[in-house]
Amino acid sequence: MPSSNLSDSVIPSPAPDHLALQSEPTVSHHKARQFKPEKLKAPRDFEVPIFVTQRLNACHNLNEKEHQALLARPLVVEIGAGKGMHACLYAKQHGDHDLIAIERTQNKFSAFKTLASSVSKEVALLDNLLPVHADAIPYCVSALPAQSVSVIYLLYPNPEPKNPNQQWLNMPFFEFLLSRLVPQGQILLASNIPEYIDNAYQQSLQTWQLPTERTLVPVDSRRTHFEIKYLARGETCWELKMTKPKAYVTRFDNWNSEWLK
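Please read these numbers as outputs of a predicted model, since none were measured by experiment.

Asker: Break down the overall build of the protein chain for me, citing the residues and quoting the values.
Answerer: When its secondary structure is counted, the protein chain shows nine helices and seven strands. Of the roughly 14,600 Å² of accessible surface on the protein chain, 51% is carried by carbon and sulfur atoms.

Asker: Outline the layout of surface pockets, listing residues and values.
Answerer: The volume enclosed by the largest pocket comes to roughly 880 Å³. Of all the secondary-structure elements, those providing two or more residues to the lining of the largest pocket are β1 (75-79), α4 (85-93), β2 (98-103), α6 (136-143) and α9 (225-232). When its residues are assigned to classes, the lining of the largest pocket shows 17 nonpolar, 12 polar and eight charged. Taken together, 15 residues line the second largest pocket, and the ones lying closest to its centre are Asp45, Phe46, Glu47, Val132 and Tyr139. Examining the composition of the lining of the second largest pocket, we find that four residues originate from one element, strand β3 (residues 129-133), more than from any other. Here the lining of the second largest pocket is built from residues that sort into 10 nonpolar, one polar and four charged.

Asker: Can you break down the environment of Asp96 residue by residue, with the values?
Answerer: Topologically, Asp96 is positioned in the loop between α4 and β2. Placed 24 residues apart in sequence, Asp96 and Ala72 show a C-alpha to C-alpha distance of 9.8 Å. Once residues lying within four places of it in the same chain are set aside, the contact partners of Asp96 are Arg73 and Pro74.

Asker: Any chance you could break down the nonpolar core for me, citing the residues and the numbers?
Answerer: Core analysis: the largest hydrophobic core is formed by 43 residues, its most contacted members being Ile79, Ile100, Ile102, Ile152, Trp168, Phe173 and Phe174. When residues no more than four places from it in sequence are discounted, the contact partners of Ile79 are Ile102, Ala136, Cys140, Ile152, Tyr153, Leu154, Trp168 and Leu177.

Asker: How would you summarise unusual backbone geometry if you had to cite specific residues and measurements?
Answerer: The phi angle at Gln147 is positive, at roughly 50°, despite the residue not being glycine. Within the secondary structure, Gln147 is located in the loop between α6 and β4 (149-155). With a relative accessible area of 36%, Gln147 lands in the partly exposed category. Located in the positive-phi region is Glu160, a residue other than glycine, with phi close to 50°. Note on placement: Glu160 falls in the loop between β4 and α7 (173-180).

Asker: Account for the pairing of β4, naming residues and giving values.
Answerer: Counting buried positions along β4 yields six of seven residues, so the element is predominantly enclosed. With three bridges joining them, β1 and β4 adopt parallel strand pairing. From the neighbouring strand, Val77 faces β4, where its bridge partner is Ile152. With six bridges joining them, β4 and strand β5 (residues 181-191) adopt parallel strand pairing. Directly across from Val149, in β5, lies its bridge partner Leu181. Read from β4 through α7 to β5, the crossover connection turns out right-handed.

Asker: Account for the packing of α6 against α7, naming residues and giving values.
Answerer: Where α6 contacts α7, the axes come no closer than 11 Å and their chain directions differ by 35°. Crossing of α6 over α7 shows left-handed handedness. Contact residues: Ile137, Cys140 and Val141 in α6; Phe173, Phe176 and Leu177 in α7. Grouping the amino acids of the contact of α6 with α7 by side-chain chemistry returns six nonpolar, no polar and no charged.

Asker: Pulling in residues and values, what's your account of the sheet that holds strand β6 (residues 212-216)?
Answerer: Reading across the sheet, the seven strands line up as β3-β2-β1-β4-β5-β7-β6 and stay open at both edges, with mixed pairing between neighbours. Looking at which strands have only one partner, the edges of the open sheet turn out to be β3 and β6. With direction set aside, neighbouring strand axes in the sheet form an average angle of 15°. Two elements, β5 and strand β7 (residues 238-243), share six bridges in a ladder whose sense is antiparallel. Bridged to Leu189 within β7 is Leu240. In the packing of helix α5 (residues 106-122) onto the sheet, the strands contacted are β2 and β3, and the crossing angle to β3 comes to about 160°. On top of the sheet, α7 reaches β1, β4, β5 and β7; it is set at about 130° to β5, its chief contact.

Asker: Lay out the pairing of β3 in plain terms, naming residues and giving numbers.
Answerer: Here five bridges tie β2 to β3, and the two strands are oriented parallel to one another. The partner of Ile100 across the bridge, within β3, is Leu130. Handedness of the β2-α5-β3 crossover: right-handed.

Parameters at a glance
Residues numbered from 1 in each chain as written. Predicted model: local features only at pLDDT ≥ 70, side-chain atom pairs only at ≥ 80, totals over all residues. Heavy atoms only, no water. Helix = DSSP H or I, 4+ residues; strand = E, 2+ residues; numbered from the N terminus. Areas by Shrake-Rupley, 256 points an atom, 1.4 Å probe, with all protein chains shown as cover. 1 Å grid on protein atoms, 1.4 Å probe; cavity = no way out; pocket = protein on both sides within 12 Å on 5 of 7 lines; lining within 4 Å. Points joined across faces, edges and corners; volume = space filled by probe spheres on them. Nonpolar A, V, L, I, M, F, W, Y, C, P; charged D, E, K, R; others polar. Contact = heavy atoms within 4.5 Å. Core = buried A, V, L, I, M, F, W, Y, C linked by side-chain atoms within 4.5 Å. Buried < 20%, exposed > 50% of the residue type's maximum accessible area, 1.4 Å probe, protein only. Pairing = 2+ DSSP bridges. Right-handed = clockwise from strand over helix to strand, strands pointing away. Axes fitted to C-alpha atoms, helices over the stretch in contact; angles between N-to-C directions. Left-handed = near helix turned anticlockwise from the far one by under 90°.

The analysis is restricted to geometry; functional conclusions fall outside its scope.
See below:
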């Protein structure tokens, strides 16, 4: 480091690499590869989700009591919502939570929209549910503020057997997901593939350093069409509940997209 009493005419030398690295945060995990959120563009026709806008504007539009009540309202995200069965059930059962449910494929998203509309008309108004048709990675980068999400659901994701680097806990993007969670926030992952769950469990404990519970999905659980099908065939399904510790540090804890500034 240059001395503080150097004259203005002296140009300090760049800090050695080992010193420069000290300026980076000491992260709580062991993932070496780093995600680059600044490289991603927002999805086409992107809009900041209404639940996020409400929270960002709360300090200007609400009194202190209303502001604190909104901030205390859990924001939940489901990635790979499929035809929307779990999203609609969750929104109906948790009217005091806000749920952003993301699905990439057009045919599944169309079925999701139809189901959500039907439930809203015939059963209960799901004004706490936002179905989103988008690729989850660029959408989450653009839409979700740091340390704002209480729970993230990853229910029966594609196991990617031919491309394990695309499994959620193998990707550098998983660090970004963790940065979106509030302290003590959780990621819930379910699968019927033993090898997938085994790897995710190991990665959660060893690479991501997360307290993790591994449990069997009850045989009468009916959260998604896949879950119903697998359990009806007598297959075993597992769930991982990963909790972000209060003092957990990622590289992105203070990073937000330009859409949120």
